[in-house]
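Chains, contacts and geometry: an overview
For reference, the chains in residue letters:
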Number of protein chains: 2
Amino acid sequence: MERKKTEIRREEIKKAVLEIIATEGVSKLSTRNLAKKVGLSEGAIFRHFQSKRDILLGIMEDVKIDLQNTLREISIELIPAEERFHKFLCAHINYLYKHQGITILLFSEAAHMNDFLIKEQLNGILKEQKLLISKIIRDGKSEGAFNKNLDEEMVATLYSGIPLSFNVETVLNKNKFNVKKFCANMYNLLSSVLK
Amino acid sequence: MERKKTEIRREEIKKAVLEIIATEGVSKLSTRNLAKKVGLSEGAIFRHFQSKRDILLGIMEDVKIDLQNTLREISIELIPAEERFHKFLCAHINYLYKHQGITILLFSEAAHMNDFLIKEQLNGILKEQKLLISKIIRDGKSEGAFNKNLDEEMVATLYSGIPLSFNVETVLNKNKFNVKKFCANMYNLLSSVLK
DNA sequence: AATTTTTGTAAATATCCGCTTACAAAAATA
DNA sequence: TATTTTTGTAAGCGGATATTTACAAAAATT
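Residues numbered from 1 in each chain as written. Chains lettered and ligands numbered in written order. Predicted model: local features only at pLDDT ≥ 70, side-chain atom pairs only at ≥ 80, totals over all residues. Heavy atoms only, no water.

Right, let's talk about the relation of the copies chain A and chain B for a bit. The two copies are related by a screw operation: chain A maps onto chain B through 179° of rotation and 0.0 Å of translation along the axis, at an RMSD of 0.1 Å. Taken together, the rotation angle and the small translation identify this as a two-fold axis. In terms of C-alpha distance to the rotation axis, chain A has A:Gly161 as its closest residue, with the C-alpha 1.9 Å off the axis. Looking at chain A, 100% of its interface residues are interface residues in chain B too, so the copies touch through the same face. (Least-squares fit on C-alpha atoms with pLDDT ≥ 70 in both. Contact = heavy atoms within 4.5 Å.)

The following block contains the structure:
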């Protein structure tokens, strides 16, 4: 029997979680089915994670490291605010597209398990995204590129709906979505809000 | 023991579902807890609905009748497209605020049970909302109030994110949300997209 | 008043869930 | 090579779930 180190198995398990959600739906995300997907016994899953909840938290940590770092970096790049906004949006959408299942997992499980830490984590992620967008808007204002009367908070709220409806559409329509087009079109629309 | 007609019990049960979700979370939505909330035995629940899934479908039917009819009517009112857009948005947000738990239920359960009919119903609801918005945009264009170059489909997608992020915020922050302000501010923002 | 239908209960059902335990063997370390 | 640590399995645990069954009594109908 082939054996692998914990760190590798942990990655395999987290990957399998997203795969199951994207292809079979959240209801099939049991430790039994997860074990089958990874090719291990159920007990082995609990060798690498203390609990199912811990797997979820691990995935949230990944989002924090991968997506949030990317977005944070974009938000302080030395390019015009307009360009930054565009890049930010595309990076965001791209990540969600590549990691299908992650939004459903986060929201569905955050709603399902009535778990304080998980809700807090999700809330933290969303709040930071809104803060970063607000910052870009503020920069755009002082650059003279954006309308000075804009309510940054509101723009950020409007923005935050985009990834959500993007996800709903991809899930419900299993769309062969043209991600680039979606992102470009949405940016065009938004740029008229900003100016 | 007081006895009531099926139609009344059905309403009580559906109401209890939303109450549980809004106050205790989706995880507490078991037939046991539901029966307790209504003040019946578990068996009685199944006297009035064939299955738990059927309760969900019943609630979706209510949304179709209450929310969708309201929105449909607003979309054809004989007032300027701008006003219609505003009214549409506010009615939409208001309904979701008054029926807290409904969005979580619809999305969370649609994601959870990988159920074709439920997904189709939800998809139908969202698609119609987008169609109605598209129609209002088109009317606004021919009235000369909206920018003729607008991509109606994209505006509708952008729009559809608003109720979603509204819900996420109310759920995650248990906000003492000022619904009217939210709606007015969001409309102001959007009207700059439209013109 | 007698009968049928509807609405209720209590208890049991099979199934699935996350997780633990007892044990084996591979891999790393000494 | 001998020992310890890590990674695996098989089986089973208690508990929760949606749903069913057998039966009682209220309400409606005759």
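Moving on: the domain arrangement of chain A. All names here are of chain A. We note that the domain assignment places domain 1 (1-50) and domain 2 (52-194) within chain A. Here domain 1 and domain 2 have C-alpha centroids that lie 27 Å from each other. Across the boundary between the two partners, domain 1 contributes 15 residues, which contact 14 residues of domain 2. Contact between domain 1 and domain 2 buries roughly 1,200 Å² in total, counting both sides, with carbon and sulfur atoms accounting for 73%. The largest share of the area that domain 1 buries against domain 2 comes from Lys 14, Leu 18 and Val 26, three residues that together contribute 39% of it. Along the contact surface separating domain 1 from domain 2 lie 1 salt bridge. Lys 14 is the partner of Asp 62 in a salt bridge, and the nearest nitrogen-oxygen pair spans 2.9 Å. Here domain 1 and domain 2 share 2 residue pairs in polar contact (both at pLDDT 80 or more) between them. Elements with a minimum of two residues in the side of domain 1 that touches domain 2: helix H1 (6-24), helix H2 (31-38) and helix H3 (42-48). (Domains from an automatic or database assignment. Buried area = accessible area lost by both parts, 1.4 Å probe. Salt bridge = Lys/Arg side-chain N within 4 Å of Asp/Glu carboxyl O. Polar contact = N/O pair within 3.5 Å; in protein donor to acceptor, adjacent residues only side chain to side chain. Helix = DSSP H or I, 4+ residues; strand = E, 2+ residues; numbered from the N terminus.)

Moving on, we come to the protein's contact with DNA strand D. The environment of DNA strand D is formed by 21 residues, the closest being A:Arg3, A:Ser41, A:Arg47, A:His48 and B:Arg32. Looking at DNA strand D alone, sugar and phosphate atoms form 49% of those within 4 Å of the protein. Between DNA strand D and A:Thr6 there is a distance of 2.9 Å, counted from a phosphate oxygen to a side-chain nitrogen or oxygen. A:Ser41 is positioned with one of its backbone polar atoms (N or O) 2.6 Å from a phosphate oxygen of DNA strand D. No other element matches the 4 residues that H3(A) contributes to the surface near DNA strand D. Each residue belonging to the surface near DNA strand D can be placed in one class, and the counts come to 4 nonpolar, 8 polar and 9 charged. (Near = heavy atom within 4 Å. Nonpolar A, V, L, I, M, F, W, Y, C, P; charged D, E, K, R; others polar.)

This part takes up the interface of chain A and chain B. Of the residues lining the interface, 39 residues belong to chain A; the matching set on chain B comes to 40 residues. Taken together, both faces of the contact between chain A and chain B bury some 3,200 Å²; the carbon and sulfur share is 68%. Between chain A and chain B we count 2 salt bridges in total. At the junction of chain A and chain B, the tally comes to 9 residue pairs in polar contact (both at pLDDT 80 or more). Contributions of two or more residues to the side of chain A that touches chain B are made by helix H6 (102-112), helix H7 (116-143), helix H8 (152-173) and helix H9 (179-194) of chain A. For the side of chain A that touches chain B, the element with the most residues is H8(A), which contributes 13 residues. Along the lines of polarity and charge, the residues of the side of chain A that touches chain B split into 19 nonpolar, 13 polar and 7 charged.

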